[in-house]
Structure formats: C-alpha cells, structure tokens
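One-letter residues, chain by chain:
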Amino acid sequence: MSNLMSTYLRLPVTFIKGEGVWLWDDRDDCYLDALCGIAVCSLGHSHPELTKALCKQAGMLIHTSNLYHIEKQELLAGRLAGLSGMDRVFFCNSGAEANEAAIKLARLYGHNKGIELPTIIVMERSFHGRTMATLTATGNRKAQAGFEPLLAGFVRVPYDDLNAVAQIADNNKHVVAVLVETYQGEGGVNFPQINYLQGLRQLCDQNGWLLMLDEVQCGIGRTGKWFAFQHGGIMPDVMTLAKGLGSGVPIGACIATGEAGEVFKPGNHASTFGGNLLACTAALTTLDVIEKDRLMQNAVQVGNFIRDRFKEKLAHWLNVIQIRGQGLMLGIELPVPCGELIKEALKHRLLINVTSERVVRLLPALIMNQAEAEQVVDISSEIIDRFLTGQAANIITRDRPGSSN
C-alpha cells in the first residue's frame, strides 16, 4: 500500500524522462504529451536552455527568503510589469496562492474604503483553487462538497452574463471586486463573447470595483498573447498567474496596478518560498525562450491547425460536438460524458484530459510543431469517432426534429 493520501485517481503509468512534447515511462514506452502537466510545461520537457539555467542557479544559490533583496525577483517583476502594463507583483508558489492573495487584496481594498463586509462577484463553472477562500470562489459544487462551512463574502453569477453582474451592482452595496477567469479552463474550456471583458471593465469602473482576472491557465503565451486579457483590449486591476510561468518549477504571481497595486503594505501578506532564486530563474528563462523562439506565434499557427484538422476529421459529427479554442488552449465538447477517453488515449500513447465531464481538453506545450499536432488530432479523432459511434443511441443530434441541442 502507498503511504500517499488518496487524493488522486492516478492513471496506471509512471514517467521517468521527457524531451520536447514526448514522455517515456518506466517500460521505455513513448507517449505524446498534449497536456503538458495541465498547461504547466510551456517549453516542453527537458528544454536545454531551461535545464542549463536551473543547473547553474542551483549550483550557486536556491533560496534565501524574502527577508532580503532578491535581484532576480526584481528582474522578473519588472519583466511581468512591462509585458502586462501593470505595476506591482507579489510572488508565491501556485495559482491557488495567487488567487488567495487577490482575494485578500480585494478585502483589504474594501475595508480601506469603509466597507464592513467586502464581497467579491465570482462565476459559475469557475475554478480558482482548493484553499478555503479559492474553493469558495470556485463555481463547482462537487469540489466544495464536504468542506462546508464555506467562507462568506462571495456572490455567484453565470459566466459571460453582463446583465447578471449589473443586477448585483443594483442590489448589493458591499461588492468590491469581480474575480473571473479570462477564459475558463476546468469549467469546460469556455470563451466569453467579445464584449464581455469590456463590459466587466465598464461595470467595475462605474461602481469602484476591482476587476481581477485569473489567468493561471490561459496566461503566459498560451492563447497567442502574453495574457488573454490582451485579446480584449482592456486592463485589469489585478491578474493572477502560475502554471506556465515557471515551465514546471512552482511559481505564482499576483499582479496589480493603480490603486490596487498600493493596497498591500509590509506585514499584510507573505510567502516563505515565493519568488526564490530558482523559481525566478525558471520564469525568466521561460519568458526569454517564448519571446526568442516566437512561441506565441507558434501557438496561434499550431492551434489553428489543430482546430481546422479536427473539423475535417470529425465533420460527420459536427452537429453534436463543438470544437473551440484560442491558441493552444483547446476543447472538444461531446454530447455525453466522455471521461473514459482519457484511458483510451493512454492506450494509444497519447496524454489528454477530460474536464467538465464532456469536454476533451488539449493543452500542448507551446513548442509543439505541426507534425506532432497532426498526430494528436489523428489519434484523438479516431478514439472520439469510435466513442461517439458506440454512444449513438444516447445522442440527440441538432438536426433531429424537436432536438434541444
């Protein structure tokens, strides 16, 4: 028996080495990785520049603590500020911690304005983490079950629904912020209407709220821009990052600008490991390689190829499925639960994921080329086609009379 707590239903495979978008298990079988650690390994596995930088830094100094100045932390903060147009950065170790920092910042912002019960608007189907505050903010009842009582200070509305947010503005004077994933990942790879972010920005400006964007999964070049909010032409007050920022080395960031950037004072918040030398080296190297190797442009080109190729391969099913994505954040929504496809893909030496029960999620490394992407589509479309054929009796197609799909 394992001494590990039973917190994961692990797949029956153990990986021991990787290169690019490929992984090898302890039997020396090779797998094509279309998940990259759930949007984490931006540069793929064992990237030579990242490996060299980490080895060099580890041989000099790994950690000192935030009691002292850390030059690479200053450099990374400056780099992120320059790329985002924002001002201040707090470093931590994960997306949950970054969102926790944002929630604390919003509450302190509200208390500073004399609001006794600062309230944050959050979204249905969202995912912000598994700490108590981020779990409460998360819009997934299954993830919350058993951990009650949840925290007060949150009000939930549907994602991509500006009218619902406007109604809260008319009826709740305790609201201080909106916390929303720019693009939803765990909730089903969902993308809002083009005017959604602009509308949220306008509502926040009108009401004196902070607009706080969770870009833990969609940030750091994954959608073809450094940050997904840049597709919408707006500026948030607060943004959270993690996952792809360190290419596998744990690091998170809460970035703020304007008034929000001045809320925290010494002693308000902290992190023992946050922004240490090794983590900042990983992040700086990741940003360098993404820029130097034009990986955001690659994400757009390869992502477009994958979507177009899926539409060709699954054209006979397009009345019952939806293929959506931005850059290398991709989802294929099926009409029935399809979690079994994860194990089926594993049999074909392909790593994929299913989220929100019915959405096949693909989050390849930003270095994936077209030939590798074609293999992902060919294997995935074959198992999806076979799965849907077996489920045909349970599927109501959109073109059938009386269909509600």
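Because the structure is predicted, anything quoted here is derived from the model rather than measured.

Asks: Kindly report on the packing of aromatic side chains, identifying the contributing residues and their values.
Replies: Inspection of every chain in the model, using the stated rule, returns four aromatic pairs. Here the aromatic rings of Tyr159 and Tyr196 are separated by 5.5 Å at their centres, their planes lie at 70°, and the arrangement is edge-to-face. Linking Tyr159 in the loop between strand S6 (154–157) and helix H7 (162–171) with Tyr196 in helix H8 (residues 196–207), this pair joins segments that are 37 residues apart in sequence. Centroid distance Phe227 to Phe229: 5.9 Å. Interplanar angle 5°. Geometry classified as stacked. Both residues of the pair, Phe227 and Phe229, count as buried. Sitting over the face of the ring of Trp24, Lys17 holds its NZ or CZ atom 5.5 Å from the ring centroid.

Asks: With reference to specific residues and values, describe the pairing of strand S2 (residues 22–25).
Replies: As paired strands, strand S1 (residues 15–19) and S2 are joined by four bridges and run antiparallel to one another. Each bridged residue has a counterpart across the sheet, and for Phe15 the counterpart in S2 is Asp25. The antiparallel pairing of S1 with S2 creates a hairpin that spans two residues between the two strands, and Gly20 there sits at a positive phi of about 60°. Between the end of S2 and the start of strand S3 (residues 30–33), which pair antiparallel, lie four residues, with Asp28 showing a positive phi angle near 70°.

Asks: Any details on the side chain of Thr257? Residues and values, ideally.
Replies: In this structure, Thr257 sits in the loop between strand S10 (252–256) and helix H9 (277–292). For Thr257, a relative accessible area of 13% gives the class buried. Beyond its immediate stretch of four places on either side in the chain, Thr257 contacts Gly85, Met86, Asp87, Met235, Pro236 and Asp237.

Asks: Requested: an account of the sheet that holds S2, with residues and values cited.
Replies: Judged by pairing direction, the sheet is mixed, and its four strands sit side by side in the order S1-S2-S3-S13 without closing on themselves. Taken across any chain shown, the strands that pair with only one partner, and hence form the sheet edges, are S1 and strand S13 (350–351). Taken together, the two bridges between S3 and S13 define a ladder with parallel strand orientation. Looking across to S13, one finds that Asp33 is bridged to Leu351.

Parameters at a glance
Residues numbered from 1 in each chain as written. Predicted model: local features only at pLDDT ≥ 70, side-chain atom pairs only at ≥ 80, totals over all residues. Heavy atoms only, no water. Phe/Tyr/Trp six-rings, centres within 6.5 Å; stacked < 30°, edge-to-face > 60°. Helix = DSSP H or I, 4+ residues; strand = E, 2+ residues; numbered from the N terminus. Buried < 20%, exposed > 50% of the residue type's maximum accessible area, 1.4 Å probe, protein only. Lys NZ or Arg CZ within 6 Å of the ring centre and 35° of its normal. Pairing = 2+ DSSP bridges. Contact = heavy atoms within 4.5 Å.

Any functional reading would require information that these geometric values do not contain.
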